[in-house]
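Read off the chains here:
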Amino acid sequence: MDSRPIHYEGKNEIADIRFQMYPDMRDLNRIDQMDEDKPYFFCEYAHSMGNAPGNLGEYWDYIEKSERIIGGCVWDWVDQGINKHGEPADKYYYGGDFGDKPNDKDFSCNGLTTPDRRVTAKLLEAKKKSVPIH
């Protein structure tokens, strides 16, 4: 349909929007400078696991100068930690904490917010880097 652009991982030649997940700065520059009229979108460009998503400053310095980049997504918005019955409501657990095997250990706790949607330093960093200054 002409009214709905196609974004398809791995099929940039048929898609209406070019993208690459987690490009390094060299790939970012190479793709951004391609001779084509497709907008460039970061499906995912930073992973917020741990205490920071990292590289946001470098990415946003580049994004602000680009005429093709239309946005991007940080993985993941919210931690998927869960509560245990009988434990405090503000204490969260993840893979392996229930004796579950196999599991992804702490891989589910990788959000910009806590499981109850409280603000974290990671969220504040992402917000500060993505706010335009004029």
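The sections below set out a description of the structure shown in this document. (Residues numbered from 1 in each chain as written. Predicted model: local features only at pLDDT ≥ 70, side-chain atom pairs only at ≥ 80, totals over all residues. Heavy atoms only, no water.)

In this structure, Thr114 sits in the loop between strand S3 (69-75) and helix H3 (121-130). Thr114 sits in the buried class, given a relative accessible area of 15%. Only 2.9 Å separates the side chain of Thr114 from the backbone nitrogen of Arg118, close enough to count as a polar contact. Apart from the residues within four sequence positions on either side, Thr114 is in contact with Val78, Asp79 and Thr120. (Helix = DSSP H or I, 4+ residues; strand = E, 2+ residues; numbered from the N terminus. Buried < 20%, exposed > 50% of the residue type's maximum accessible area, 1.4 Å probe, protein only. Polar contact = N/O pair within 3.5 Å; in protein donor to acceptor, adjacent residues only side chain to side chain. Contact = heavy atoms within 4.5 Å.)

A few words now on a nonpolar patch on the surface. A grouping of Tyr22, Trp75 and Phe107 is seen on the molecular surface, where their side chains present a nonpolar patch of about 290 Å² in accessible area. Relative to the elements of secondary structure, Trp75 occurs in strand S3. (Patch = residues over 30% accessible without salt bridge, like charges linked within 9 Å, V, L, I, M, F, W, Y side chains within 5 Å. Areas by Shrake-Rupley, 256 points an atom, 1.4 Å probe, with all protein chains shown as cover. Salt bridge = Lys/Arg side-chain N within 4 Å of Asp/Glu carboxyl O.)

To continue, consider the packing of helix H1 (residues 25-32) against helix H2 (residues 56-63). Where H1 meets H2, the closest approach of the two axes is 11 Å, and the angle between their N-to-C directions is 15°. Judged by the inter-axis angle, H1 sits roughly parallel to H2. Like other packed secondary-structure pairs, H1 and H2 cross with a definite hand, here right-handed. On H2, the residues that touch Met25, Leu28, Asn29 and Asp32 of H1 are Glu58, Tyr59 and Tyr62. Per-class residue counts for the contact of H1 with H2 are 4 nonpolar, 1 polar and 2 charged. (Axes fitted to C-alpha atoms, helices over the stretch in contact; angles between N-to-C directions. Parallel < 35°, antiparallel > 145°, perpendicular 65-115°, else oblique. Left-handed = near helix turned anticlockwise from the far one by under 90°. Nonpolar A, V, L, I, M, F, W, Y, C, P; charged D, E, K, R; others polar.)

Let us now look at the sheet that holds S3. Spatially, 3 strands are ordered S1-S2-S3 in an open sheet, and the strand pairing comes out parallel. A strand with exactly one partner marks an edge of an open sheet, and here the two such strands are strand S1 (18-19) and S3. As defined by bridge partners, S1 adjoins strand S2 (residues 40-47) across 2 bridges and the pair is classed as parallel. Of the residues in S2, the one forming a bridge with Phe19 is Phe41. Against the sheet, H1 touches S1, S2 and S3, its axis set at about 170° to S2. Along the sheet, H2 contacts S2 and S3; its crossing angle with S2, the most-contacted strand, is approximately 165°. (Pairing = 2+ DSSP bridges.)

Let us look at the nonpolar core. Judged by nonpolar contacts, the single largest core of 15 residues is most densely connected at Leu28, Phe42, Tyr45 and Ile69. Contributions of two or more residues to this core are made by H1, S2, H2 and H3. Those residues in contact with Leu28, other than ones at most four positions away along the chain, are Pro23, Tyr40, Phe42, Tyr59, Tyr62 and Ile69. (Core = buried A, V, L, I, M, F, W, Y, C linked by side-chain atoms within 4.5 Å.)

Before going further, it helps to spend a moment on the packing of aromatic side chains. Inspection of the entire model under this criterion finds 5 aromatic pairs. Here Phe42 and Tyr59 contribute two aromatic rings whose centre-to-centre distance is 5.8 Å and whose plane-to-plane angle is 65°, an arrangement assigned as edge-to-face. Of this pair, Phe42 sits in strand S2 while Tyr59 sits in helix H2; the two residues are 17 residues apart in sequence, bridging distant segments of the chain. Taken as a pair, Phe42 and Tyr59 share a single burial class, namely buried. (Phe/Tyr/Trp six-rings, centres within 6.5 Å; stacked < 30°, edge-to-face > 60°.)

This part covers the pattern of salt bridges. Within the structure shown, the criterion is met by 4 salt bridges. The shortest N-O distance in the salt bridge between Glu36 and Arg18 comes to 2.4 Å. Separated by 18 residues along the polypeptide, Glu36 in the loop between H1 and S2 and Arg18 in strand S1 bring together distant segments of the chain. One network of salt bridges, with partners in common, ties together Arg18, Glu36 and Arg68.

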